[in-house]
Amino acid sequence: MSTLLCKGMFCLLSWEADSRGRLGEYTLQPLSLQTEETTELGSKKELKSMPFITYLSGLLTAQMLSDDQLISGVEIRCEEKGRCPSTCHLCRRPGKEQLSPTPVLLEINRVVPLYTLIQDNGTKEAFKSALMSSYWCSGKGDVIDDWCRCDLSAFDASGLPNCSPLPQPVLRLSPTVEPSSTVVSLEWVDVQPAIGTKVSDYILQHKKVDEYTDTDLYTGEFLSFADDLLSGLGTSCVAAGRSHGEVPEVSIYSVIFKCLEPDGLYKFTLYAVDTRGRHSELSTVTLRTACPLVDDNKAEEIADKIYNLYNGYTSGKEQQMAYNTLMEVSASMLFRVQHHYNSHYEKFGDFVWRSEDELGP
């Protein structure tokens, strides 16, 4: 097949090899070349056509397509899969007969497995088996239907086959639910592979971490996604769901924690479990919940109440009332109480100093 590309005064004529990748003898079909000509009056343009082979013949007759003198505005190239064939007289220049040092990618028509390019059936099956084993079974077993038959050398210390890797799920904050002071939503993508190990469950651990807790001794609460959450047997403070990603084949699991404490540091850990009892690598998310909303008017009322209790002689009863009032407010509320107290009554003593003086350090 030959192609002529023209833009303005420049034309490109190209040939393609046959289906067997060989360049043979090609015959130009009678293509037409259209040119614009202006009449003598200059008021009308007419399109005139001539066979393209006639146009080339005229150029050859005028000896304007020789190797030494190429006509301006006309370029003819003939190449075969990245090299210039010896049969093309236009390419007989120093270095043109050499093979290209790197492969030349012409185009991609469709994507196919590499082993389908092999013609010999026996070699094709062996190559396919090796590729499938390498991708799904870590090269230590054979793919049988949708599972891996592991080699005798691919067993762990517990005697369980481990040639099929168990992918690690990636835990993350859900972008669809905004975290609040008591609510956090987490999600992860199902890691069940098409061939190989079978994921039977996901185990989710959550615990609150603070300076008074020994993180090594306090393990928190473990939840089975299959047994506790999807079955509905879990606590009312945790809800689970399942959705699909951009493609229907991808499942996304999500868990919403609804009873967390404000301004608390929490650690969430997730791992997958397969039918043989193996655990995947851990995926961890650590976050701090937001502080609760503070009623600033109430904080100012508490500051006035504390001042009245501290003012003058403070009896033991008044000291107890001030202590109980301050112990009932949250940390964020206490900051606002301190702010309002110092704004109005700091001349009688700083809030922290008066509290330590009246109630003790």
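Residues numbered from 1 in each chain as written. Predicted model: local features only at pLDDT ≥ 70, side-chain atom pairs only at ≥ 80, totals over all residues. Heavy atoms only, no water.

Under the annotation held in an unreviewed UniProt entry, the protein chain carries the name Astrotactin 2 and is attributed to Pan paniscus.

J.: Tell me about the overall build of the protein chain, residues and numbers included.
T.: Secondary structure summary: the protein chain contains 7 helices and 15 strands in total. Split into buried and exposed, the 361 residues of the protein chain put 28% on the buried side. Here the protein chain displays about 24300 Å² of accessible surface, and carbon together with sulfur accounts for 53% of that area. (Helix = DSSP H or I, 4+ residues; strand = E, 2+ residues; numbered from the N terminus. Buried < 20%, exposed > 50% of the residue type's maximum accessible area, 1.4 Å probe, protein only. Areas by Shrake-Rupley, 256 points an atom, 1.4 Å probe, with all protein chains shown as cover.)

J.: So what's going on with a nonpolar patch on the surface? Residues and values would help.
T.: On the surface, Leu-114, Leu-117 and Leu-131 cluster together into a nonpolar patch covering about 280 Å² of accessible area. Mapped onto the elements, Leu-114 comes out in the loop between strand S5 (74-76) and helix H2 (121-136). (Patch = residues over 30% accessible without salt bridge, like charges linked within 9 Å, V, L, I, M, F, W, Y side chains within 5 Å. Salt bridge = Lys/Arg side-chain N within 4 Å of Asp/Glu carboxyl O.)

J.: Pulling in residues and values, what's your account of the nonpolar core?
T.: With 23 residues, the main nonpolar core has Leu-171, Leu-186, Trp-188, Tyr-202, Val-255, Phe-257 and Phe-268 as its most contacted residues. Among the elements of the structure, strand S9 (184-189), strand S10 (199-209), helix H3 (225-229), strand S13 (251-257), strand S14 (265-274) and strand S15 (283-288) are those that each provide at least two residues to this core. The dominant element in this core, judged by the number of residues it contributes, is S14, at 4 residues. In this view, Val-255 contacts Val-184, Ser-185, Leu-186, Trp-188, Leu-204, Phe-225, Leu-229, Val-238, Ala-239 and Ala-240; residues no more than four positions away in its chain are not counted. (Core = buried A, V, L, I, M, F, W, Y, C linked by side-chain atoms within 4.5 Å. Contact = heavy atoms within 4.5 Å.)

J.: Residue-level account of the pattern of salt bridges, with values.
T.: With the rule as written, the count across this model stands at 8 salt bridges. In this structure, Asp-263 and Arg-288 form a salt bridge, with 3.7 Å as the shortest nitrogen-oxygen distance. Of this pair, Asp-263 sits in the loop between S13 and S14 while Arg-288 sits in strand S15; the two residues are 25 residues apart in sequence, bridging distant segments of the chain. What makes Asp-263 partly exposed here is its relative accessible area of 34%.

J.: Before we move on, can you summarise helix H4 (residues 296-310) with the specific residues and values?
T.: For H4, built from 15 residues, the straight-helix expectation of 21 Å at 1.5 Å per residue is met to within 8% by its first-to-last C-alpha distance of 21 Å. On its buried side, H4 packs onto helix H5 (316-328), helix H6 (331-345) and helix H7 (351-359). For H4, the N-terminal cap is Asp-295; the gap from its side-chain oxygen to the backbone nitrogen of Asn-297 is 3.2 Å. Once H4 finishes, Gly-312 follows within two positions and takes phi at roughly 75 degrees, a positive value. (Expected span 1.5 Å × (residues − 1). Polar contact = N/O pair within 3.5 Å; in protein donor to acceptor, adjacent residues only side chain to side chain.)

J.: Describe in detail the packing of H6 against H7, supporting the description with residues and values.
T.: Look at H6 against H7: their axes get within 9 Å of each other, and the N-to-C directions meet at 100 degrees. It follows from the interaxial angle that H6 and H7 lie roughly perpendicular. Packed against H6, whose contacting residues are Leu-334, Val-337, Gln-338, Tyr-341 and Asn-342, the element H7 presents Phe-351, Val-352 and Arg-354 at the interface. Tallied by class, the residues present in the contact of H6 with H7 amount to 5 nonpolar, 2 polar and 1 charged. (Axes fitted to C-alpha atoms, helices over the stretch in contact; angles between N-to-C directions. Parallel < 35°, antiparallel > 145°, perpendicular 65-115°, else oblique. Nonpolar A, V, L, I, M, F, W, Y, C, P; charged D, E, K, R; others polar.)

J.: Let's hear about the sheet that holds S13: which residues, and what values?
T.: Whenever strands of a sheet pair, they do so through backbone hydrogen bonds, lying parallel or antiparallel. Taking strand neighbours across the sheet as the criterion, the 4 strands line up as S8-S9-S13-S12 in an open arrangement whose pairing is antiparallel. Only two strands of the sheet have a single partner each, and these edge strands are strand S8 (172-173) and strand S12 (238-244). Taken together, the 2 bridges between S8 and S9 define a ladder with antiparallel strand orientation. Following the sheet pairing, Leu-173 is matched in S9 by Leu-186. (Pairing = 2+ DSSP bridges.)

J.: Any chance you could break down the state of the cysteines for me, citing the residues and the numbers?
T.: Under the definition given, this model contains 3 disulfides. Between the sulfur atoms of Cys-237 and its disulfide mate Cys-259 the distance is 2.0 Å. Around the S-S axis, the bridge from Cys-237 to Cys-259 shows a dihedral of about -80 degrees and counts as left-handed. Of this pair, Cys-237 sits in the loop between H3 and S12 while Cys-259 sits in the loop between S13 and S14, placing them 22 residues apart in sequence. (Disulfide = S-S within 2.5 Å.)

J.: Report on the side chain of Ser-174, specifying residues and quantitative values.
T.: Mapped onto the elements of the fold, Ser-174 is located in the loop between S8 and S9. Judged by relative accessible area, which is 7%, Ser-174 ranks as buried. Of note is the side chain of Ser-174, whose polar atom sits 2.9 Å from the side chain of Thr-176. Within the structure, the side chain of Ser-174 is placed 3.4 Å from the side chain of Glu-187, a separation counted as a polar contact. For Ser-174, the residues in contact, after removing those within four places along its chain, are Ser-185, Leu-186 and Glu-187.

J.: Tell me about H7, and please be specific about residues and values.
T.: When we look at burial in H7, the residues that qualify are Phe-351, Arg-354, Ser-355 and Glu-358. The buried residues of H7 all sit within an arc of 100 degrees when viewed along its axis, so they share a single face. Exposed and facing more than 90 degrees away from the buried side of H7 are Trp-353 and Asp-357. In the core, the buried residues of H7 are packed alongside H4, H5 and H6. A distance of 3.0 Å separates the backbone nitrogen of Val-352 from a side-chain oxygen at the start of H7, and that oxygen is part of Asp-350. Of the residues one or two after H7, Gly-360 is the one with positive phi, at around 100 degrees. (Arc of directions from axis to C-beta.)

J.: Talk me through the packing of aromatic side chains; I want residue IDs and the actual numbers.
T.: Under the counting rule described, the total for this entry stands at 14 aromatic pairs. Where Trp-188 meets Tyr-253, the ring centres are 6.0 Å apart and the plane angle is 45 degrees; that geometry is what we call tilted. A residue pair is termed long-range when its members are at least 10 positions apart, and Trp-188 in strand S9 and Tyr-253 in strand S13 qualify at 65 residues. Comparing Trp-188 with Tyr-253, the two get one shared label, buried. Pairwise contacts between aromatic rings join Tyr-307, Tyr-310, Tyr-341, Tyr-345, Phe-348 and Phe-351 into one cluster. (Phe/Tyr/Trp six-rings, centres within 6.5 Å; stacked < 30°, edge-to-face > 60°.)

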